[in-house]
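Remarks on the overall topology
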Amino acid sequence: MTRSEPVKTKVYEGVLHKLKEFIDENGVEPGDKLPSERELSEQLKVGRSSIREALRALELLGLIETRRGEGTFLKEYEDFHMVELLSTFILNRSKTPEELSTAMNMVEKEVVTIAMKRTDKELESLKNLLYPFREETHDEFFEQLFILTDEQLLFSIWRLLRSYLRTVEVVTYTKEWHERLIEVMKKEDLIELHRLFSHSCGKNEK
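Attention in this report is confined to the structure presented alongside it. (Residues numbered from 1 in each chain as written. Predicted model: local features only at pLDDT ≥ 70, side-chain atom pairs only at ≥ 80, totals over all residues. Heavy atoms only, no water.)

**Focus on the packing of helix H5 (residues 97-115) against helix H8 (residues 152-165)**
Stated formally: To get an axis, a line is fitted to the C-alpha atoms, and for a helix only the part in contact is used. The angle between two axes follows their N-to-C directions and goes from 0 to 180 degrees. Strands here mean DSSP runs of E at least two residues long; helices mean DSSP runs of H or I at least four residues long; both are numbered from the N terminus. Crossing handedness is defined as follows: a turn of the near helix away from the far one that is anticlockwise and smaller than a right angle gives a left-handed crossing, while the clockwise case is right-handed. Throughout, a contact is declared for two residues whenever any of their heavy atoms are within 4.5 Å. Note that Gly is not counted as nonpolar here; it falls among the polar residues with everything else outside the nonpolar set of Ala, Val, Leu, Ile, Met, Phe, Trp, Tyr, Cys and Pro and the charged set of Asp, Glu, Lys and Arg.
Between H5 and H8, whose axes approach to 10 Å, the crossing angle comes to 145°. For H5 against H8, the interelement crossing comes out left-handed. Residues Pro97, Leu100, Ser101, Ala103, Met104, Val107, Glu108, Glu110 and Ile114 of H5 form the contact with H8, whose own contacting residues are Leu154, Ile157, Trp158, Leu161, Arg162, Tyr164 and Leu165. For the contact of H5 with H8, the class distribution of residues is 12 nonpolar, 1 polar and 3 charged.

Written as structure tokens, this is what we have:
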């Protein structure tokens, strides 16, 4: 670990805090413009290059968007406190992709467990997402599960983790893995559920 990493983490935390402060004090809505790099640099007393790096990271997390020649704008969000907490965790350079992947799997297992209470007909309808099976199918499958269970907070956490992990690793799941998962949900088999997530046989790492 280099000595500069804790400083960078503090910059991210500072930018997140200032964004939240700006939103709270000014009633900022999604689509509204945020302070410029120069303004944030002056307020936080750090270099503009550090601010720029932090803003790029926040854009990756889906919290803001930068429009060339216009500035930085707030995007849709559901719970800024949760995003602030998770963003700080994700941007901590000491955390590994493996740790974050484990966290995402925990969220996926939780929503699957909740989905076990849905009807067999609802769960069987998930199979329609598997044909044809594509690289995006895993995300679409779990997005539908979050909608089916109405677990908005878990959905927000999952999207944040997923958006980051896409940039550091590429993992694809097979159609057979998802078919087995549907059967596990219908049987409400928690033991098989944990086995399914713990074995790598359903995943192909590129």
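**A word on the pattern of salt bridges**
The cut-off we apply is this: Salt bridges are counted wherever a side-chain nitrogen of Lys or Arg sits within 4 Å of a carboxyl oxygen of Asp or Glu.
Across all of its chains, the model carries 16 salt bridges by this definition. When the shortest N-O distance is used, the salt bridge between Arg38 and Glu42 registers 3.3 Å. In this pair, Arg38 and Glu42 both sit in helix H2 (residues 37-44), 4 residues apart, roughly one turn of the helix. For Lys186, the salt bridge goes to Glu183, with nearest N and O atoms at 3.6 Å. Taken together, the positions of Lys186 and Glu183, both in helix H9 (residues 175-187) and 3 residues apart, correspond to about one turn of that helix.

**Side note on the environment of Asp139**
Let me state the cut-off plainly: Accessibility here uses a 1.4 Å probe with only protein chains present; expressed as a share of the type maximum, an area under 20% marks a residue as buried, one over 50% as exposed, and anything in between as partly exposed.
Along the polypeptide, Asp139 turns up in helix H7 (residues 137-149). Judged by relative accessible area, Asp139 falls into the buried class, the value being 10%. Between the alpha carbons of Asp139 and Arg162 there is a distance of 8.6 Å; along the sequence they are 23 residues apart. Setting aside chain neighbours within four positions, we find Asp139 in contact with Trp158, Arg162 and Arg166.

**Some words on the nonpolar core**
Short version of the rule: The criterion is simple. A nonpolar core is a set of buried Ala, Val, Leu, Ile, Met, Phe, Trp, Tyr and Cys residues joined through side-chain atoms within 4.5 Å.
Within the largest apolar cluster, 32 residues are counted, with the highest numbers of intra-cluster contacts made by Val112, Phe141, Phe142, Leu145, Phe146, Leu181 and Met185. Those elements giving two or more residues to this core turn out to be H5, H7, H8, strand S3 (171-173), H9 and helix H10 (190-198). No other element matches the 7 residues that H8 contributes to this core. Core analysis: the second largest hydrophobic core is formed by 11 residues, Val28, Leu40, Ile51 and Leu58 among them.

**Some remarks on the pairing of strand S2 (residues 71-74)**
Rules: When DSSP finds two or more bridges between two strands, those strands count as paired.
By the bridge criterion, 4 bridges tie strand S1 (residues 64-67) to S2 in an arrangement that is antiparallel. The residue of S2 that forms the bridge with Ile64 is Leu74.

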